[in-house]
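Overview (structure and organization)
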Amino acid sequence: MEKLSHIQGSIVSIPVNDIDTDQIIPARFLKVTDKAGLGKAAFCDWRYLEDGETPNPEFILNNPDYNGASVLVAGDNFGCGSSREHAPWALLGAGFQAVVSTDFADIFRNNALKNGLLPVVVDADTQQQLFSLADEDPSTTVSVDVEAQTLTLPDGRAVRFPLDGFSKYCLLNGVDQLGYLLALDEEVQAFEARNRQRVVTTA
Amino acid sequence: MRDNGKPRTLFEKVWNAHTVREQNDDTPAVLYIDLHLVHEVTSPQAFSMLRERSLAVRRPDQTIGTMDHSTPTTPRNKLGIIPVADAMAAKQLDVFSKNCEDFGIPMYALGDEHQGIVHVIGPEKGLTQPGMTIVCGDSHTSTHGAFGALAFGIGTSEVGHVLATQTLLQNKPQTMAVNVEGRLSDGVTAKDIILAIIAKIGIGGGTGYVFEYRGEAIRSLSMEGRMTVCNMSIEGGARAGMVAPDDTTFEYIQGRKHAPSGVDWDAAVARWRDLPTDDGAEFDQEITIRADELTPMITYGTNPGMGMPVTAAVPKPEDETDVNKKIALDKALTYMDLAPGQQLLGKAIDVVFIGSCTNSRISDLRLAADFVKGRKVADKVRMMVVPGSQQVKQQAESEGLDEVFRQAGAEWREAGCSMCIAMNGDQLQPGQYAVSTSNRNFEGRQGKGGRTFLASPLTAAASAIAGVVTDPRTMMSAQ
Ligand code: SF4
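Residues numbered from 1 in each chain as written. Chains lettered and ligands numbered in written order. Predicted model: local features only at pLDDT ≥ 70, side-chain atom pairs only at ≥ 80, totals over all residues. Heavy atoms only, no water.

1. A closer look at the overall build of chain B
- Tallying secondary structure elements over chain B gives 16 helices and 19 strands in all.
- For 479 residues, the compact-globule estimate of 2.2 N^0.38 gives 23 Å, and chain B sits close to it at 22 Å.
- Along the three orthogonal principal directions, the C-alpha set of chain B runs to about 55 × 55 × 45 Å.
- Counting only residues that meet the buried cut, chain B has 65% of its 479 residues in that class.
- Taking all contacts inside chain B whose residues are at least 6 apart in sequence as the whole, residues at least 24 apart take part in 76%.
- Accessible surface, chain B: about 16,000 Å² in total, of which carbon and sulfur atoms supply 47%. (Helix = DSSP H or I, 4+ residues; strand = E, 2+ residues; numbered from the N terminus. Rg over C-alpha atoms; globule rule 2.2 N^0.38 Å. Buried < 20%, exposed > 50% of the residue type's maximum accessible area, 1.4 Å probe, protein only. Contact = heavy atoms within 4.5 Å. Areas by Shrake-Rupley, 256 points an atom, 1.4 Å probe, with all protein chains shown as cover.)

2. A few points about the overall build of chain A
- Scanning chain A from N- to C-terminus turns up 8 helices and 7 strands.
- With the principal axes as the frame, chain A shows a C-alpha extent of 60 × 45 × 25 Å.
- Taking all 203 residues of chain A together, 57% fall into the buried category.
- Long-range contacts, defined here as pairs at least 24 residues apart, represent 65% of the contacts in chain A between residues at least 6 apart.
- Carbon and sulfur atoms provide 47% of the accessible area of chain A, an area that totals close to 8,200 Å².
- If the 15 positive side-chain charges of chain A are averaged to one point and the 29 negative ones to another, these points end up 9 Å apart. (Lys, Arg positive; Asp, Glu negative; His and termini not counted. Charge placed at Lys NZ, Arg CZ, Asp CG, Glu CD.)

3. Topic: the packing of helix α3 (residues 86-93) of chain A against helix α4 (residues 106-114) of chain A
All names here are of chain A.
- Axis separation between α3 and α4 bottoms out at 8 Å; the angle between their running directions is 50 degrees. Relative to α4, the element α3 lies oblique. Remark: the crossing between α3 and α4 carries right-handed chirality. Judged by residue contacts, Ala87, Pro88 and Leu91 of α3 engage Phe108, Asn111 and Ala112 from α4.
- For the contact of α3 with α4, a count of residues per class yields 5 nonpolar, 1 polar and no charged. (Axes fitted to C-alpha atoms, helices over the stretch in contact; angles between N-to-C directions. Parallel < 35°, antiparallel > 145°, perpendicular 65-115°, else oblique. Left-handed = near helix turned anticlockwise from the far one by under 90°. Nonpolar A, V, L, I, M, F, W, Y, C, P; charged D, E, K, R; others polar.)

4. Observations concerning the pairing of strand β8 (residues 167-170) of chain B
Residue and element names in this part refer to chain B.
- Burial along β8 is two-sided: the face carrying Thr167 and Leu169 and the face carrying Leu168 and Gln170 are both buried.
- Where strand β2 (residues 29-32) meets β8, 4 bridges bridge the pair, whose relative direction is antiparallel. Bridge pairing links Tyr32 to Thr167 in β8. (Pairing = 2+ DSSP bridges.)

5. Thoughts on the nonpolar core
- Counting residues in hydrophobic clusters, the biggest one holds 86 residues, and the most contacted among them are Phe43, Phe78 and Leu91 of chain A together with Met383, Phe405 and Phe453 of chain B.
- Residues Leu150, Ile154, Val210 and Phe211 of chain B belong to the second largest nonpolar core, which totals 77 residues. (Core = buried A, V, L, I, M, F, W, Y, C linked by side-chain atoms within 4.5 Å.)

6. What about the interface of chain B and chain A?
- Contact with chain B, which involves 80 residues of that partner, is made by 64 residues of chain A.
- For the pair chain B and chain A, the summed buried area comes to about 5,900 Å², and 55% of that belongs to carbon and sulfur atoms.
- When the buried surface of chain B facing chain A is broken down by residue, Gln45, Asn324 and Lys448 of chain B rank first, second and third, together holding 11% of it.
- Run the count over chain B and chain A and you get 8 salt bridges.
- In this structure, the connection of chain B to chain A is made through 34 residue pairs in polar contact (both at pLDDT 80 or more).
- Of the residues forming the side of chain B that touches chain A, the biggest block, 6 residues, is contributed by helix α5 (residues 156-165) of chain B.
- Its residues assigned to classes, the side of chain B that touches chain A shows 30 nonpolar, 30 polar and 20 charged. (Buried area = accessible area lost by both parts, 1.4 Å probe. Salt bridge = Lys/Arg side-chain N within 4 Å of Asp/Glu carboxyl O. Polar contact = N/O pair within 3.5 Å; in protein donor to acceptor, adjacent residues only side chain to side chain.)

7. Here we look at the sheet that holds β8 of chain B
Residues and elements named next belong to chain B.
- Read from one edge of the open sheet, 3 strands run β1-β2-β8, paired in antiparallel fashion. Edge strands, defined here as strands with exactly one partner in the open sheet, are β1 (19-21) and β8. In this sheet, neighbouring strand axes are inclined to one another by 40 degrees on average, regardless of whether the strands run parallel or antiparallel.
- The pairing of β1 with β2 spans 2 bridges and is antiparallel. The partner of Arg21 across the bridge, within β2, is Val30.

8. A short note on the site of the ligand
- The local shell around the ligand consists of His69, Ile117, His119, Asp138, His140, Ser356, Cys357, Cys417, Cys420, Ile421, Asn439 and Arg445 of chain B.
- Each residue belonging to the shell around the ligand can be placed in one class, and the counts come to 5 nonpolar, 5 polar and 2 charged. (Near = heavy atom within 4 Å.)

9. Section: the sheet that holds strand β11 (residues 240-242) of chain B
Residues and elements named next belong to chain B.
- One open sheet accounts for 4 strands, arranged β11-β10-β9-β12; its pairing is parallel. Strands at the two margins of the open sheet, each flanked by one partner only, are β11 and β12 (285-290). On average, each strand axis in the sheet is inclined to that of its neighbour by 20 degrees, with strand direction left out of account.
- Sheet topology note: the strand β9 (residues 174-181)/strand β10 (residues 209-214) ladder contains 6 bridges and is parallel. Bridge pairing in β10 places Ala177 opposite Glu212.
- Across the face of the sheet, helix α1 (residues 10-17) comes into contact with β9, β10 and β11 while running at roughly 115 degrees to β11.

10. Some thoughts on unusual backbone geometry
Residue and element names in this part refer to chain B.
- One non-glycine residue with positive phi stands out, namely Ser54, at about 55 degrees.
- Along the polypeptide, Ser54 turns up in the loop between α2 (44-52) and β4 (63-66).
- Located in the positive-phi region is Ala422, a residue other than glycine, with phi close to 55 degrees.
- Mapped onto the elements of the fold, Ala422 is located in the loop between β17 (411-412) and β18 (433-436).

11. Remarks on the packing of aromatic side chains
All names here are of chain A.
- Throughout the structure, instances matching the rule amount to 16 aromatic pairs over all chains.
- Ring centres 6.0 Å apart and planes at 20 degrees place the aromatic pair Phe43 and Trp46 in the stacked group.
- Exposure remark for Trp46: the relative accessible area of 11% places this residue in the buried category.
- Residues Phe166 and Tyr180 carry aromatic rings whose centres are separated by 5.1 Å and whose planes lie at 65 degrees to one another, so their mutual orientation is edge-to-face. You can see Phe166 sitting in helix α6 (residues 165-173) and its partner Tyr180 sitting in helix α7 (residues 177-182), a full 14 residues away along the chain. (Phe/Tyr/Trp six-rings, centres within 6.5 Å; stacked < 30°, edge-to-face > 60°.)

12. A word on the side chain of Gln446 of chain B
Residues and elements named next belong to chain B.
- As for its position among the elements, Gln446 is in the loop between β18 and β19 (451-454).
- Overall, the relative accessible area of 0% leaves Gln446 in the buried class.
- The contact partners of Gln446, leaving out residues within four places of it in the chain, are Phe353, Met419, Cys420, Ala422, Gln427, Leu428, Ala434, Ser436, Ser438 and Thr452.

Here's what the structure looks like:
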């Protein structure tokens, strides 16, 4: 995982509540065996017309004014539904580094953090302000400071967002969690020695 | 099993018993995983990661694989083989076979007599047991909580963590008691309970919580009914839902392939009896619904929280005071092509899908078969019945249910996820309406442009016969 300490980028908003992972990436794109190339499937059914190819001119991500936006501002409860990690892979592939919402579904948040896609939780007023800003001026940029856990709006107001210490450490240092778990091998062995094995699948 | 005399919840007991390292300010808890279920769709990148780092699967003997999501459910050919027409799906299945073989993981391949939906086969094989921690790269892993296990869905990175270390980093969730008091009336099922709960709390209402379903209505459900309820915990935002184990649980497990036997059985039951939440234990949240007031439920919108009694009218966006919710409802009704205030009863439908890890077990099929027996599926309706596993399929066939369905004009298919996720070619056409016993009605979930009404197997069967959305109770009294 790459280190992530700052994000500076323009915003685009999809002011829809409960955007589920089937919208972020429809299931028919899950037949892959790697992570590459999923960016073009992000929001596929909203992004393209019925033929699946012609960009839907109504959809905000097809508006050239918002090309290159790296911060997605979304409605409440972003990322609900399936556990597919293809969702953050697709968002990263589409050029996003952070998603801003009032809250995130648990599994999506976990998946996002493990891939260096930052879920930024803000209050409803800030969310509405960002919706309006993105609407009024597509060149609106925000900055995110991972260390300080702040999102700074164009007017200079810094909004603090929650981030657990361990995820923060991993993001700032570009390390993944597996290394930490692998180093606990002795403790895991001790646990296994103390506790009976519940089921043996190979039996 | 009180800890220093402090009463504990079922969740706390299972959590504490699996903590390798406690949570502190810097790191989440490290949780030991007893059973890891893997399938073809969310595992390939995890296996690749193991290969890149030259890691082994730490406990293949606590891991099991099955093919379910992208597998066809079309009939077998003359050689008894289920052909895979989709090249990408075929490749994914091949990669999965190779991964399981290379890493020593037992796996049920397409067509195997034990293959099936991952959440159907765990309980069926007796692998799912009270007090265990169970994970899978699939959000409906919550199903296994019906046994008093702590079971939840994980992402592919976490699949890799569990494969490599048999542990997971987890922040401790909060607990919510979900009390379902009173008894269900005729025609109302476990599916209606969970649809009503989600309609009440909303699809984000359980975020950060583990549910414990309690109360008379839950206690009187069969294990299969409890699985239906726990299955959709994630649709309320909760990663896990649990039911305290009792005699119903033990009866279900006893004699299954991986269940303890002999003296081990007695010892296991003794341990399991200590699991239920102690009197006086505190939950962080509590909600209550009355089972006796419930009626058959149906969803009208594009998330499982948009549900109502089947006899109700679709809500009107203008009655919604919250701006974001109003927009969401508007958008949902546009997608569903429904008018505000419209009745769903009598709405013509195109497809009925009986299947998925929510409602594809033998009791679901019996319920639906009983209903369609001696009747005919309406002319313009396609009814698909997809058993959850090959074992369920065999059992149903031995009871003649396949014939009942066929004679009614329904399709009897091979086991798998099928039209629940529409990855395998079983899908709605744009604009079609389905009454489905699955768990998600998101836009396009059952096929691009398809429109889903989630309901119980009874409501689905009744609607298949009538050709329109139907309250099953009206047809039951006529029987
Ligand atoms: S049946 Fe549906 S919800 Fe269940 S595991 Fe399969 S795709 Fe997921």
